[in-house]
Amino acid sequence: MTSKIKKIGVLTSGGDSPGMNAAVRAVVRSAEFHKIDCFGIYKGYEGLISDDIKKLNARSVKNIVNKGGTILKSARCLDFKTSEGRLKAKQTLDKYEIDSLVVIGGNGSLEGGKIFEEEHGIKFVGIPGTIDNDLAGTRCSLGYDTALNTATEAIDKIRDTAISHHRLFLVEVMGRDAGFIALNTGLAIGAQEILIPEVNMSSENLINSLKRSKSAGKTSTIVVVAEGDKTGDSVFQLANMIEEKLPKYEVRVSVLGHMQRGGSPSCFDRVIGTQMGITAVESLLNGESRVMIGIQNGKINKTDLSKAIKGKSKINKELLRMSKIMNT
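Here goes a summary of the coordinates provided. Keep in mind it's a predicted model, so treat the numbers as computed, not measured.

1. Let's talk about helix α3 (residues 83–96)
Moving on, step 1. With 14 residues, α3 extends 20 Å from end C-alpha to end C-alpha; this agrees with the ideal 20 Å at 1.5 Å per step.
Moving on, step 2. Buried residues belonging to α3 abut β1 (7–12), β2 (37–41), α2 (45–50), β3 (53–56), β4 (100–105) and α4 (107–120).

In structure tokens, the structure reads:
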């Protein structure tokens, strides 16, 4: 392996996701293994502009593989979306002689890195760090598995209350543009219905489903709703509509919110975070850039960044069909 790069910078950007620390740790220690200096850039792209950068070594990232969030912090940076902001970021990197970046984040974060390389020649490799799982080129993004487990555990507890009080619970999970969390947790916990952005379920069909549930003798019901679902204007409006049309139902709403992003990462997210971090560094050392590191069929792979950003992971609608069968 021949290195054509001098120094690597690593940052986390956008919404945090469990496993980001595992990836940061892997980038830093892999760089040290290959005798390349590695710098942590704090608060995402904002740290590039404000010069919030610190040299890291193997000891800098000890005892973080099991931690949620990101030790490098994260922020959304509007200045980096401007050519002037990106020029200032390039000048900061020049100060430290950093000529390559590993960016851990979602769609917008990876697109920012792609534009930065095109404009200023900074070599760039992306790691998909988002619980939404909405990037093409990987079966799952970093943090998605942990978010699924968190949501599933929370809804299991909500079901205990639903059963005790004969209630209908609408549980909103994250997923503004993608229904992966809702679909998989819904199937896992035995939801009566799963509402996701990719499939338009009319309010009439939802009401009919709840009527059938009541007729079948069910005394409690869970409906899992992705935050981007358009069946109602909001999950609360949906609850009001159900109560108006089915007054015998006692409806409650639970919004899981940001708890899905937090907590100690699962074993799976720690492992793929480590694999992705090492592969990102070795890709840069091999002269590769503008790729996203992902996982397909149990193996780490690389996808052209344009395809990863423009493409979308496709929902497995077969899971919806199976959910209907399980809730007959």
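Still to come is the rest of the account.
2. Looking at the sheet that holds strand β9 (residues 251–255)
Moving on, step 1. With respect to topology, 4 strands assemble into an open sheet ordered β7-β8-β6-β9, the strand pairing being parallel. Looking at the sheet topology across the chains shown, the edges are occupied by β7 (193–195) and β9. With strand direction ignored, the average angle separating the axes of adjacent strands in the sheet is 20°.
Moving on, step 2. Of the strand pairs in this sheet, strand β6 (residues 168–173) and strand β8 (residues 221–226) are connected by 6 bridges, and their pairing is parallel. Each residue of the ladder has a partner; that of F169, found in β8, is I222.
Moving on, step 3. Lying over the sheet, helix α6 (residues 180–189) contacts β6, β7 and β8, oriented at roughly 165° with respect to β8.
Moving on, step 4. Contacting β6, β7, β8 and β9, helix α8 (residues 235–245) crosses the sheet at an angle of about 170° to β9.

3. Topic: the pairing of strand β10 (residues 291–296)
Moving on, step 1. Within β10, 5 of the 6 residues are buried, leaving the element largely enclosed by the surrounding structure.
Moving on, step 2. Judged from the 2 bridges that link them, strand β5 (residues 123–128) and β10 form a sheet pairing that is parallel. When the sheet's bridge partners are listed, V125 is paired in β10 with V291.
Moving on, step 3. As paired elements, β10 and strand β11 (residues 299–304) share 6 bridges and run antiparallel to each other. Its bridge partner being in β11, V291 is matched across the sheet by D304.
Moving on, step 4. The hairpin turn running from β10 into β11, its antiparallel successor, is 2 residues long, and N297 in that turn takes a positive phi close to 50°.

4. Topic: the packing of α6 against helix α11 (residues 318–326)
If you want to describe how two helices pack, look at the angle between their axes and the distance between the axes.
Moving on, step 1. Put simply, α6 and α11 touch, their axes get as near as 10 Å, and they point 25° apart. The pairing of α6 with α11 is recorded here as roughly parallel in orientation. You can see that α6 and α11 cross each other, and the crossing is left-handed. Contacts between α6 and α11 involve L183, N184 and L187 from the former and L319, L320, M322 and S323 from the latter.
Moving on, step 2. Of the residues contributing to the contact of α6 with α11, the split by class is 5 nonpolar, 2 polar and no charged.

5. Brief notes about the side chain of D269
Moving on, step 1. Following the sequence through the fold, D269 ends up in helix α9 (residues 267–285).
Moving on, step 2. Ignoring sequence-local partners within four residues, the contact set of D269 consists of P18, G19, A22, S141, L142, G143, Y144, D145 and T146.

6. Section: unusual backbone geometry
Moving on, step 1. Despite not being glycine, N63 has its phi angle at roughly 55°, a positive value.
Moving on, step 2. With respect to the helices, strands and loops of the structure, N63 is situated in the loop between β3 and α3.
Moving on, step 3. In this model, R290 sits at a positive phi of 55°, which is unusual for a non-glycine residue.
Moving on, step 4. When you line up the elements, R290 lands in the loop between α9 and β10.
Moving on, step 5. Exposure remark for R290: the relative accessible area of 34% places this residue in the partly exposed category.

7. Focus on the packing of helix α1 (residues 20–33) against α9
Moving on, step 1. Look at α1 against α9: their axes get within 7 Å of each other, and the N-to-C directions meet at 40°. As α1 runs across α9, the sense of the crossing is right-handed. Mapping the contact onto sequence places A22, A23, R25, A26, V27, S30 and A31 in α1 and D269, R270, G273, T274, G277, I278, V281 and E282 in α9.
Moving on, step 2. Counted by class, the contact of α1 with α9 contains 7 nonpolar, 4 polar and 4 charged residues.

8. As for the side chain of N133
Moving on, step 1. In this structure, N133 sits in the loop between β5 and α5 (144–165).
Moving on, step 2. In this structure the side chain of N133 is engaged in a polar contact, spanning 3.4 Å, whose partner is the backbone oxygen of R139.
Moving on, step 3. Look past the residues within four positions of N133 in its chain and what remains in contact with it is R139, C140, S141, Y144, F180 and S313.

9. Topic: α5
Moving on, step 1. With 22 residues, α5 extends 32 Å between its outermost C-alpha atoms, agreeing within 8% with the 32 Å of an ideal straight helix rising 1.5 Å per residue.
Moving on, step 2. Lining the buried residues of α5 we find β6, α6, β8, β9 and α9.
Moving on, step 3. One or two residues past the end of α5 sits H166, with phi positive at roughly 55°.

10. Structural notes on the environment of A191
Moving on, step 1. Following the sequence through the fold, A191 ends up in the loop between α6 and β7.
Moving on, step 2. Remark: the alpha-carbon pair of A191 and R212, spanning 21 residues in sequence, is separated by 14 Å.
Moving on, step 3. In this view, A191 contacts R159, G186, I222, V224, S323 and N327; residues no more than four positions away in its chain are not counted.

About the thresholds
Residues numbered from 1 in each chain as written. Predicted model: local features only at pLDDT ≥ 70, side-chain atom pairs only at ≥ 80, totals over all residues. Heavy atoms only, no water. Helix = DSSP H or I, 4+ residues; strand = E, 2+ residues; numbered from the N terminus. Expected span 1.5 Å × (residues − 1). Contact = heavy atoms within 4.5 Å. Pairing = 2+ DSSP bridges. Axes fitted to C-alpha atoms, helices over the stretch in contact; angles between N-to-C directions. Buried < 20%, exposed > 50% of the residue type's maximum accessible area, 1.4 Å probe, protein only. Parallel < 35°, antiparallel > 145°, perpendicular 65-115°, else oblique. Left-handed = near helix turned anticlockwise from the far one by under 90°. Nonpolar A, V, L, I, M, F, W, Y, C, P; charged D, E, K, R; others polar. Polar contact = N/O pair within 3.5 Å; in protein donor to acceptor, adjacent residues only side chain to side chain.

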